[in-house]
Amino acid sequence: MIQVLFAVLGVARLMRFIPRSVMVGFVNALAILIFLSQMPQLIDVPWAVYVLVAVGLGILFVWPRITRAVPAPLIAIVLLTAAVVVFGLSAVPNVADQGELPRSLPELLIPEVPLTWETLQIVAPYAFAAALVGLLESLMTAKLVDDITDTRSRKTREAWGLGVANIASAFFGGTGGCAMIGQTMINVKTSGGRTRISTFLAGVWVLILVVALGDIVGLIPMAALVAVMILVSVSTFDWHSIRPATLRRMPLSETFVMLVTVVATVWTHNLAIGVVLGVLAAMVLFARRVAHFTTVSRTVDGDTARYRVDGELFFASSNDLTTQFEYAADPAHVVIDLSHTHVWDASTVAALDAIVTKYEQRGTTVVLEGMSDAAASFHGRLSGGLGSA
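Given the structure is predicted, the values throughout are model-derived calculations rather than measurements.

Asker: What should I look at first to understand the pairing of strand β2 (residues 304-313) in this one?
Answerer: Across a regular strand the side chains alternate sides, sitting on one face of the sheet and then on the other. Pairing analysis gives seven bridges linking strand β1 (residues 295-301) to β2, with the strands arranged antiparallel. From the neighbouring strand, R298 faces β2, where its bridge partner is Y307. The loop that links β1 with its antiparallel partner β2 comprises two residues; one of these, G302, has a positive phi angle of about 70°. Bridging between β2 and strand β3 (residues 333-343) involves nine bridges; their strand directions are parallel. Within the sheet, the bridge partner assigned to R308 lies in β3 and is D337.

This is how it looks when you write it as structure tokens:
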């Protein structure tokens with residue numbers, strides 16, 4: 001329900017504020033997490049597992065050169081499963097070793113949860129966190145698919161669909177979920193899926209394989225699935241982003257934001273935390289960079305000093321604005337030209353008020369000129385009502 005509320009409020013539109021460096025960090029962190037998640041299947045296992053993984057990777061890399069009519073992961077899984085069965089490699093871990101597969105379809109039910117205020121207090125914080133993480137990861141995945149397929153998805157509709165699907169899932173005994181980024185990469189990049197039919201059929205086939213063909217699925221060696229996921233990891237990682245030539249051309253701040261996103265995501269194993277920290281780092285560095293472009297130039301003509309302000313005026317650049325005027329040395333009249341800047345926030349209005357006050361305390365007349373209509377309206381509404389600067 002929280003995800004549906006987010007959709008109604010248009011939270012999905014905030015995706016446009018996620019910079020490219022965060023997206024690259026998100027993709028690279030995802031690739032690293034996919035690779036690391038395969039490590040438990042490669043530690044303390046029979047030597048045959050390593051052989052099967054190597055053979056599987058060979059098939060995955062060579063088969064697409066022969067044909068793309070049949071997805072390489074399917075061929076690798078079928079051939080490696082057949083090899084394990086034919087050669088009797090019973091020591092090789094398989095899907096059945098990971099747990100029991102369901103034998104029937106889920107049933108419609110009403111969750112046995114007491115509908116009390118106490119229950120809501122217990123559930124709400126976790127529900128909000130899960131809703132936020134799930135929605136963020138799903139929208140990031142949708143944006144990634146848009147870039148790969150050169151299409152445009154409706155993010156608000158995605159948020160609606162995710163929330164409604166999670167509500168429906170709960171009535172069939174399911175847990176809350178979100179976009180499966182690893183499986184999405186297999187579908188889009190490895191298997192060539194381009195429409196929503198591919199995602200629907202993926203779900204249908206999982207249902208058929210697990211419920212109707214569970215015994216056969218249980219025979220699939222984990223080595224085959226590890227090989228597929230390693231290929232997904234390698235193909236997902238943006239190798240261009242870490243080439244020396246790219247790093248030399250890229251601004252240091254962009255590289256730093258990408259690293260913050262990657263490190264935070266891999267460290268916490270939470271894509272949402274990594275993205276949020278990456279966006280915050282990008283915002284701080286952007287504000288710092290833009291603030292340095294603000295300049296104040298001074299000319300004196302007779303009994304009038306004229307100041308010209310260039311650049312954007314907001315909290316990061318206006319905090320030092322009051323120090324760039326010659327209060328004691330200026331003549332009786334001062335003109336501050338704001339035609340080449342814009343007043344963006346209350347911090348700037350407070351700084352301008354402070355400058356005017358300092359001059360008036362010395363008996364100097366100050367004129368602010370050149371503000372756009374929007375800036376003049378904003379300044380006029382707040383000026384004199386912000387207290388001491």
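That was the structure; now back to the text.
Asker: Which parts of the structure should I look at to understand the environment of G161?
Answerer: Its place among the elements puts G161 in helix α6 (residues 155-170). For G161, a relative accessible area of 38% corresponds to the partly exposed category. Distance in space between the C-alpha atoms of G161 and E326 is 60 Å, their sequence separation being 165 residues.

Asker: Just to check I follow, could you spell out the side chain of S153 for this structure?
Answerer: Tracing the chain through its elements places S153 in the loop between α5 (117-149) and α6. A polar contact of 3.0 Å, which involves the side chain of S153, links it to the side chain of D146. For S153, the side chain forms a polar contact with the side chain of K155, separated by 3.1 Å. When near neighbours in sequence (up to four residues on either side) are disregarded, S153 contacts A142, D146, E158 and R196.

Asker: Teacher, can you tell me more about the pattern of salt bridges here?
Answerer: Side chains bearing opposite charge may pair, as long as their charged atoms lie close to each other. If you walk through the whole model with that rule in mind, you get six salt bridges. Put simply, D215 and R103 hold a salt bridge, and the shortest N to O gap is 3.1 Å. A residue pair is termed long-range when its members are at least 10 positions apart, and D215 in helix α9 (residues 214-217) and R103 in the loop between α4 (72-86) and α5 qualify at 112 residues. Taken as a pair, D215 and R103 share a single burial class, namely exposed.

Asker: What is the right way to read the packing of aromatic side chains from this model?
Answerer: Two descriptors summarise a pair of aromatic rings, namely the distance from one centre to the other and the angle between the planes of the rings. Counting across every chain of the model gives seven aromatic pairs. Where F6 meets F128, the ring centres are 6.0 Å apart and the plane angle is 70°; that geometry is what we call edge-to-face. With a gap of 122 residues between them, F6 in helix α1 (residues 2-8) and F128 in helix α5 connect regions that are remote in the sequence. Ring centres of Y327 and Y359 lie 4.9 Å apart, and the angle between their planes is 55°; this geometry places the pair in the tilted category. In this pair, Y327 sits in the loop between α14 (315-318) and β3 while Y359 sits in helix α15 (residues 346-361), placing the two residues 32 residues apart along the sequence. Grouping aromatic residues by their ring pairs yields a cluster made of Y307, F325, Y327 and Y359.

Asker: Explain a nonpolar patch on the surface here, please?
Answerer: A cluster of nonpolar side chains, contributed by I197, F200, L201, W205, I208, L209, L213 and I216, occupies part of the molecular surface with about 780 Å² of accessible area. Element by element, the count of residues in the nonpolar patch is highest for helix α8 (residues 196-211), at six residues.

Asker: Teacher, can you tell me more about the nonpolar core here?
Answerer: The nonpolar side chains of soluble globular proteins are, as a tendency, buried together. By size, the foremost hydrophobic cluster in this structure holds 60 residues, and its most contacted members are I18, V49, V53, L60, M140 and V275. It is helix α10 (residues 222-236) that contributes the most residues to this core, ten residues altogether. Among residues more than four places away in sequence, those in contact with V53 are L42, A223, V226, A227 and I230. One finds L321, V349, V366 and F378 within the second-largest nonpolar core, a separate group that totals 21 residues.

Asker: Is there a simple way to think about the packing of helix α3 (residues 47-66) against α10 in this case?
Answerer: Packed helices, taken two at a time, are described by the angle their axes make and the gap between the axes. Relative to each other, α3 and α10 sit at 45°, their axes nearing to 8 Å. It follows that α3 is oblique to α10 by the angle criterion. Considering the relative orientation of α3 and α10, their crossing is right-handed. Facing α3, whose interface residues are V49, L52, V53, G56, L57, L60 and F61, α10 presents A223, V226, A227, V228, I230 and L231. Its residues assigned to classes, the contact of α3 with α10 comprises twelve nonpolar, one polar and no charged.

Asker: Just to check I follow, could you spell out the sheet that holds β3 for this structure?
Answerer: Read from one edge of the open sheet, four strands run β1-β2-β3-β4, paired in mixed fashion. Among the strands making up the open sheet, the edge pair consists of β1 and β4 (365-369). Adjacent strand axes in the sheet meet at a mean angle of 20° when their direction is disregarded.

Asker: Which parts of the structure should I look at to understand the confidence of the model for the protein?
Answerer: Any region with low pLDDT has predicted coordinates that should not be read closely. Looking at the protein, the pLDDT average stands at 88 and 99% of residues meet or exceed 70. When pLDDT is averaged over each element of the protein, α3 comes out on top at 94 and helix α7 (residues 181-190) at the bottom at 79.

What counts and how
All residue numbers refer to positions counted from 1 along the written sequence of the respective chain. Since the coordinates come from a predicted model, pLDDT governs what is reported: local features require at least 70, and pairs of side-chain atoms require 80 or more to be given and counted, while whole-chain, interface and lining totals use all residues. Note: side-chain values were computed over all heavy atoms of the structure, leaving out hydrogens and water. The criterion for strand pairing is that DSSP finds at least two bridges linking the strands in question. To qualify as a helix, a DSSP run of H or I must reach at least 4 residues; to qualify as a strand, a run of E must reach at least 2; elements of each kind are numbered from the N terminus. Each residue's exposure class comes from its accessible area (1.4 Å probe, protein chains only) as a fraction of the maximum for that residue type: buried when under 20%, exposed when over 50%, partly exposed otherwise. Side-chain atoms alone can form a polar contact between residues adjacent in sequence; in general such a contact is a pair of N or O atoms within 3.5 Å, and within protein one must be able to donate a hydrogen while the other accepts it. Any pair of residues with heavy atoms lying within 4.5 Å of one another is described as a contacting pair. Should a side-chain nitrogen of Lys or Arg be within 4 Å of a carboxyl oxygen of Asp or Glu, the pair is scored as a salt bridge. Classification of ring pairs uses Phe, Tyr and Trp, with its six-membered ring standing for Trp, and accepts pairs whose centres are within 6.5 Å; under 30 degrees between planes counts as stacked, over 60 as edge-to-face, and the remaining range as tilted. Patch construction takes residues with relative accessible area above 30% that form no salt bridge. Like charges are linked within 9 Å, and nonpolar side chains (Val, Leu, Ile, Met, Phe, Trp, Tyr) are linked within 5 Å. To measure how exposed things are, a 1.4 Å probe is used in the Shrake-Rupley method; for residues, cover is taken only from the protein chains shown. Here, the term nonpolar core denotes a set of buried Ala, Val, Leu, Ile, Met, Phe, Trp, Tyr and Cys residues that are joined through side-chain atoms within 4.5 Å. Geometry is summarised by axes, namely lines fitted to C-alpha atoms with helices restricted to the contacting stretch, and by angles between N-to-C directions that run from 0 to 180 degrees. Here is the rule for angles: anything less than 35 degrees is roughly parallel, anything more than 145 is roughly antiparallel, 65 through 115 is roughly perpendicular, and the remaining ranges are oblique. Rotating anticlockwise by less than a right angle from the far helix to the near helix defines a left-handed crossing, while the corresponding clockwise rotation defines a right-handed one. Throughout this entry, Asp, Glu, Lys and Arg are counted as charged residues, while Ala, Val, Leu, Ile, Met, Phe, Trp, Tyr, Cys and Pro are counted as nonpolar. The remaining residues, Gly among them, count as polar. A residue's pLDDT is the confidence the predictor assigns to it, expressed on a 0 to 100 scale.

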